[in-house]
Amino acid sequence: MYNHLKGQTSPYLLQHAENPVNWYPWNDEAFEAAAQENKPIFLSIGYSTCHWCHVMAHESFENQETADLLNQYFIAIKVDREERPDIDSVYMSVCQAFTGNGGWPMSIFMTPRQVPFFAGTYFPPRSHRSMIGFRELLLTIADRWEHNRAGLLKSADKILAALNKKADNTEMKIDDSLPERAAELFALSFDAKNGGFGSAPKFPMPHNLLFLMLYSHLTKETEPFSLAKTTLEKMRRGGIFDQIGCGFSRYSTDDYFLVPHFEKMLYDNALLIIAYSSAYKMSKEQLFLDTAVKTADYILREMTDINGGFYAAQDADSGGEEGQFYVWTIDEICHVLGSETGMQLCRYYGMTQQGNFEGKNIPNLLNGNEISDAFEQEKKLLYNYRLKRARLHLDDKILTSWNGLMICAMSVLYRVTGENKYLEAAIRAQKFIDESLCDETSLYVSCRRGRRSVKGFLDDYAYETAALLGLYDACGNTSYLDRAEKLCREAVDQFEDKNGGYFLYGTKNSPLITRPKESYDGALPSGNSVMAYCLVRLSQLTDDGTYQAAAGRQLAYLSAQSADYPPGYSMFLTALLYHIDPPPRITVLLADEAEKTQIMLQLPLYAQIRILTQETDEYKLLNGQTTYYVCQNHTCLPPSNTLLKAP
């Protein structure tokens, strides 16, 4: 038996295509059915690698009794939050207003006009302690829809009015003091013992670390870099990093990064590659480069499509249990490696008979053992054994925004290592986006097996513009800069709010009951923050007054948004630092093209780089040797055969 989800592109929707629930995707047909049948709508939002989405699916949506209630009294709609971040954003604000927090699965009850009147996240099948059971909730809402609809509609109208209430316009101007305030607040919340900030759950939040590292670089203060450095080392040592197969899980459930929520997301790993690469560039500590390389190689091995795009995620669950794929017993290790070598590896990775996770072991180096290439061959044996022992569900849709982040990551790693395979991976992924995820005027959110989903949102345009800028930084091909300019102008046309900032969905997207404008940098940097970065970079790369004006407006808008708590806007703060203290412009004229890779490795990441192989009217070789031309702070140094810093 199939419902209306058969034939969808989303792996999440396809997971529910054979449920006894008569699911619809989000489309006109669903809302017309609700209006004609005079039924409320149950909207369920999640994603394919979400553990609690799986739990609620098994307990409720695969249960015939529960399905009968949904089919009798409701029109049920399924939405993949990764394909439709606009819908997710609108109704997440509702969920947070109702419950004080949010998360997935998200459960929304609303009218056929899409106006919500009740919201929550996971519900158990039957009432348990303080949690109402899902079946009881369905019957209660169905009864109120039948006998007290006026009360529900009144509640819905109040919610809609609150969602559409516009905040008073505050005076907006660029605030240069925000980075310093944010650095001070990060220091106050830093966990000096375990790394990270605050208490569990701890998300990697690499954009916070990138801000701290750049702030440290520009101000010469050592503490901000120390906070980032400690956090990066603790994460690399913990179970949040897959010590056997590499790559990072989504977050840590404890304070010390041992027990993760085991799903692996493309966006986390992209941002962490950039963070570890940057830390290596600043410190020259091999640990950070090793982590960036191992993470990138994991992506190329397990998360890359044959045509060059990057997949979205790997599941936390296998065999119906979260983390089963990643955990070990001592006996299992010894079975694969032999008793003597197996016990040596177990001691190295802190594994015991008692276990550190539900009687089993998550390999980790929190015991203080040196991080090295020890047991590399043994880990390959364990990796191959693990693949045969269980399989992880792969969310194989290719998201434009997350691919943009990974293109940035591969471009940065190329600049740090000189390894062509990373640049080639970035170029192939960009070609995939050009061929599969855009037309002459528009980006699309995602594709899977040759089928595209809906037209793109702000994050798609902002992240993809950043990806093109990253490619330009890596190889100097001006076609990437030209494409970045075109995309950025399109983003301004589609999404800009004349009162400041950019809306999440634009003029080419279907309208919803409200038009969200997200600026807070959560697990992912917001589209508004990334737009600020892109506008500042374009203004500096092109000296175009249009970009300078747009960047100024965006920095002023986000200054006002972030004034109460600047650490929540770290990607914006990074853009602000670029504006306050523009990176140097370094032009390198090579005497011998064979020097290019070695020269590139010596150049800073925080710089506008151009590498030339032939003399021009403006750039000549000095003494017949490779020559550096450096400009910064409105000052240009004389040509030099060594890399000098401007005052």
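Treat the numbers as computed from the prediction; the structure is a model and nothing was measured. (Residues numbered from 1 in each chain as written. Predicted model: local features only at pLDDT ≥ 70, side-chain atom pairs only at ≥ 80, totals over all residues. Heavy atoms only, no water.)

Asks: I'd like a rundown of the pattern of salt bridges, residues and numbers included.
Replies: A side chain with one charge may pair with a side chain of the opposite charge, provided their charged atoms come close. Going through the model one piece at a time under the given rule, you end up with 31 salt bridges. One salt bridge in this structure joins K229 and E285, with 3.2 Å as the shortest N-O distance. One end of the pair, K229, is in helix α10 (residues 222-237); the other, E285, is in the loop between α11 (266-283) and α12 (286-302), and 56 residues separate them in sequence. In this structure, the salt-bridge partner of R386 is D242, at a minimum N-O distance of 2.9 Å. (Salt bridge = Lys/Arg side-chain N within 4 Å of Asp/Glu carboxyl O. Helix = DSSP H or I, 4+ residues; strand = E, 2+ residues; numbered from the N terminus.)

Asks: Let's hear about the packing of aromatic side chains: which residues, and what values?
Replies: Counting across every chain of the model gives 35 aromatic pairs. On the basis of an interplanar angle of 35° and a centroid distance of 5.8 Å, the ring pair of F211 and Y215 is categorised as tilted. Of this pair, F211 and Y215 both sit in helix α9 (residues 206-219), four residues apart, which is roughly one turn of the helix. Each member of the pair, F211 together with Y215, is buried. Taken together, the ring pairs in this structure connect W23, F42, F61, F74, F98, F109, F118, F123 and F134 into an aromatic cluster. (Phe/Tyr/Trp six-rings, centres within 6.5 Å; stacked < 30°, edge-to-face > 60°. Buried < 20%, exposed > 50% of the residue type's maximum accessible area, 1.4 Å probe, protein only.)

Asks: Report on the state of the cysteines, specifying residues and quantitative values.
Replies: Scanning the entire structure with this criterion turns up two disulfides. For C50, the disulfide goes to C53, at an S-S distance of 2.5 Å. One quick way to see it: the torsion about the S-S bond of C50 and C53 is about 80°, and its sign makes the bridge right-handed. Linked covalently through their sulfurs, C631 and C636 form a disulfide whose S-S length is 2.1 Å. One quick way to see it: the torsion about the S-S bond of C631 and C636 is about 110°, and its sign makes the bridge right-handed. A relative accessible area of 24% means that C631 is categorised as partly exposed. Owing to a relative accessible area of 54%, C636 belongs among the exposed residues under this scheme. Along the chain, the cysteines that take part in disulfide bonds pair up as 1-2, 3-4, counted in sequence order. Cysteine C438 remains unbridged, with the sulfur of C447 as its closest cysteine sulfur at 11 Å. (Disulfide = S-S within 2.5 Å.)

Asks: Kindly report on the packing of helix α17 (residues 420-436) against helix α18 (residues 458-475), identifying the contributing residues and their values.
Replies: Viewed as axis vectors pointing N to C, α17 and α18 meet at an angle of 140°, and their least axial separation amounts to 11 Å. Note that α17 runs across α18; the crossing there is left-handed. Facing α17, whose interface residues are L423, A426, I427, Q430 and I433, α18 presents E464, A467, L468, L471, A474 and C475. Partitioning the contact of α17 with α18 into residue classes produces nine nonpolar, one polar and one charged. (Axes fitted to C-alpha atoms, helices over the stretch in contact; angles between N-to-C directions. Left-handed = near helix turned anticlockwise from the far one by under 90°. Contact = heavy atoms within 4.5 Å. Nonpolar A, V, L, I, M, F, W, Y, C, P; charged D, E, K, R; others polar.)

Asks: Go over unusual backbone geometry, please, and point to the residues and values.
Replies: Most peptide bonds take the trans configuration, and most residues that are not glycine carry a negative phi. Going from W104 to P105, the amide bond is cis rather than trans, its omega being 5°. Among the secondary structure elements, P105 is positioned in the loop between α5 (85-99) and β3 (106-110). Cis rather than trans, the peptide bond between A200 and P201 has omega equal to 0°. Of note in this structure, N38 is not a glycine but carries a positive phi near 60°. Tracing the chain through its elements places N38 in the loop between α2 (28-37) and β1 (41-46). Overall, N38 belongs to the partly exposed group, its relative accessible area being 43%. You will see that N623, though not glycine, has its phi angle at about 60°, which is positive. Its place among the elements puts N623 in the loop between β16 (608-612) and β17 (627-632).

Asks: Quick rundown of the pairing of β17? Include the residues and the values.
Replies: In terms of burial, β17 is a largely internal element, five of the six residues being buried. Taken together, the five bridges between strand β15 (residues 585-589) and β17 define a ladder with antiparallel strand orientation. Across the sheet, T587 pairs through a bridge with Y629, a residue of β17. Both β17 and strand β18 (residues 635-636) contribute to a ladder of two bridges, which runs antiparallel. Residue pairing for β18: Q632 is matched across the bridge by T635. Linkage of β17 to β18, two consecutive antiparallel strands, is achieved through a turn of two residues, within which N633 is found at a positive phi near 55°. (Pairing = 2+ DSSP bridges.)

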